[in-house]
Amino acid sequence: MKASSAAVFFAFLQIINLFNDVYGQCAWQDNAFPIIPYSYMFNADNLTLYTYGLAYGYYDIGCERGYAPDPTFGTRITCLSSGSWSMPLPICKSTGRCSVSQLTDFMGGSNGIIEIILNSSYLYTDGVDESKAMGGSNITFQCSQNSQNVGGPLTVVCNDDNNWTPFPNCISTGPIATPVPAQGRCPVNDDIWTFPNGYISSDTLPVVYSDNTTPSNITVMCTRGYQIDSLSQGAYTCHNGVWSARPYCEKTARCSLARLKDYISNPSLVSNLNVKAQQLATDMSGTDDEMLPDSYIAFDCIDPSVHTDGDLNVTCNDDGSWSRFPSCTNINAIQSTSTTTSP
């Protein structure tokens, strides 16, 4: 039997009323959106905004790096039929803050037996307190040649309890070398293997005898942001009981964080830009304004803008300069100009 048009219309009204029981119209202008610290909005295509200041539907929030949603409250914010935003609101909880100095002290005391795998390590800070690594920061180590780990996992992670996971402990397992006459060995003391901003290559770990002497030659390498001096080329050699000139790590160029901030804080330059990702690194021994080479901040253009100049991935170069800052131009403005100038 064919349903009458009146019955269909009545059913349609019922559906509309049911939908309105779930969603109402909530204020969104003048900061009327619920404020969730350390969060950003996504799934906003499920939210309709009206020009007269009311919103309809729902959206979700994500948490900035170093924070995570509290599973108790979820991530969704809904405009209820009452015209109020749903409560309780989601919460972005800190995923931890761990001491950077505790990490560097561990690395400095490893005597070169443990090394960082740089392309598998990510140390995040909030750009304000560089002494604390944000939760989720993770450093992957490896034991050098002829050594093995007898401690914690080789990947160390900053947990939400503000502590690093247990550090690894690499111990030497190499064979005992044939003794070298004492007169041909160089003295060893507690500081002999300490190279500020550098470390001993795992391929040249020294053999130390019980009288604190060694016949070994070693190679010194530098941490990120430093380079080996041109005289030694990293070679530290023992010749007839006398050490060669001690290698040292020279500071490379740095990029100014202040210059980057000046660019980002200028609305006329960045109004059509959005920050997509960033990794700004400092060596902790300089000022907060000094960013290491390869630090970067990645942008994208906000629709309907298009990339018209500069680099969307702004990177700190080896010479201490930033790559060219980008520009995004509203495509409507470009089309308007083209139309105006056409014959």
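Residue positions within a chain follow its written sequence, with the count starting from 1. Predicted model: local features are reported for residues with pLDDT of at least 70 only, side-chain atom pairs are reported and counted for 80 or more only, and whole-chain, interface and lining totals are derived from all residues. Side-chain descriptors were evaluated using all non-hydrogen atoms of the structure, hydrogens and water having been removed beforehand.

Per an unreviewed UniProt entry, the protein chain goes by the name Sushi domain-containing protein and belongs to Adineta steineri. UniProt positions are given in the numbering used here, feature names are shortened, and annotations may be inferred rather than shown by experiment. Under Subcellular location (unreviewed entry), UniProt gives the following word-for-word description of the protein chain: "Virion".

## Examining the nonpolar core
Joining through side-chain atoms within 4.5 Å is the link that ties buried Ala, Val, Leu, Ile, Met, Phe, Trp, Tyr and Cys residues into a set, and such a set is a nonpolar core. In this scheme, a residue with accessible area under 20% of its type's maximum is buried, one over 50% is exposed, and one in between is partly exposed, where area comes from a 1.4 Å probe on protein chains only. Counting 15 residues, the largest nonpolar core has Leu47, Tyr59, Ile61, Ile77, Trp85 and Cys92 as its most contacted members. Looking at this core element by element, the count peaks at 4 residues for strand E4 (residues 54-63). In this view, Ile77 contacts Pro34, Ile36, Tyr58, Tyr59, Ile61, Trp85, Ser86, Leu89 and Pro90; residues no more than four positions away in its chain are not counted. Listed in part, the 14 residues of the second largest apolar core include Cys255, Leu260, Val270 and Cys316. Numbering of helices and strands runs from the N terminus, with a helix taken as a DSSP run of H or I at least four residues long and a strand as a DSSP run of E at least two residues long. Only heavy atoms enter the contact rule, under which two residues are in contact if any of them lie within 4.5 Å.

## Notes on helix H3 (residues 257-264)
Where H3 is concerned, the buried positions are Leu257, Leu260 and Tyr263. Buried residues of H3, seen end-on, are gathered within an arc of 120° and therefore sit on one face of the element. On the buried face of H3, the contacting elements are strand E24 (255-256), helix H4 (267-270), strand E25 (273-279), strand E26 (290-291) and strand E27 (296-301). Whenever a nitrogen or oxygen atom comes within 3.5 Å of another N or O atom, the pair is scored as a polar contact, on the condition that within protein one atom can donate a hydrogen and the other can accept it, and that pairs from neighbouring residues in sequence are kept only if both atoms are in side chains. Two or three places before Ala258, at the start of H3, stands the capping residue Ser256, its side-chain oxygen 3.3 Å from that residue's backbone nitrogen. Relevant arc is that of directions from the helix axis to the C-beta atoms, nothing else.

## With respect to the state of the cysteines
Note on disulfides: each one is a pair of cysteine sulfur atoms within 2.5 Å. Counted according to the given criterion, the structure contains 8 disulfides. One disulfide in the model links Cys186 with Cys238; its S-S distance is 2.1 Å. Between Cys186 and Cys238, the S-S dihedral sits near 100°, and the bridge is therefore right-handed. A residue pair is termed long-range when its members are at least 10 positions apart, and Cys186 in strand E15 (residues 186-187) and Cys238 in strand E21 (residues 238-239) qualify at 52 residues. Judged by its relative accessible area of 0%, Cys186 falls in the buried class.

## What about the sheet that holds strand E20 (residues 235-236)?
Strands pair, by our definition, only if DSSP identifies at least two bridges between them. The sheet built from 3 strands is open, its strands ordered E16-E18-E20 with antiparallel pairing. Among the strands making up the open sheet, the edge pair consists of strand E16 (198-200) and E20. The pairing of E16 with strand E18 (residues 218-222) spans 3 bridges and is antiparallel. Looking at the pairing, Tyr199 lines up with Met221 of E18.

## As for the sheet that holds E27
Spatial strand order, E25-E27-E29: 3 strands in an open sheet with antiparallel pairing. This sheet does not close on itself; its edge strands, each paired only once, are E25 and strand E29 (313-315). Neighbour to neighbour, the strand axes of the sheet diverge by 25° on average, direction disregarded. The pairing of E25 with E27 spans 6 bridges and is classified as antiparallel. In the sheet register, Leu273 faces E27, and the bridge partner there is Cys301. The convention used is that axes are lines fitted to C-alpha atoms, helices contributing only their stretch in contact, and that angles between N-to-C directions extend from 0 to 180 degrees.

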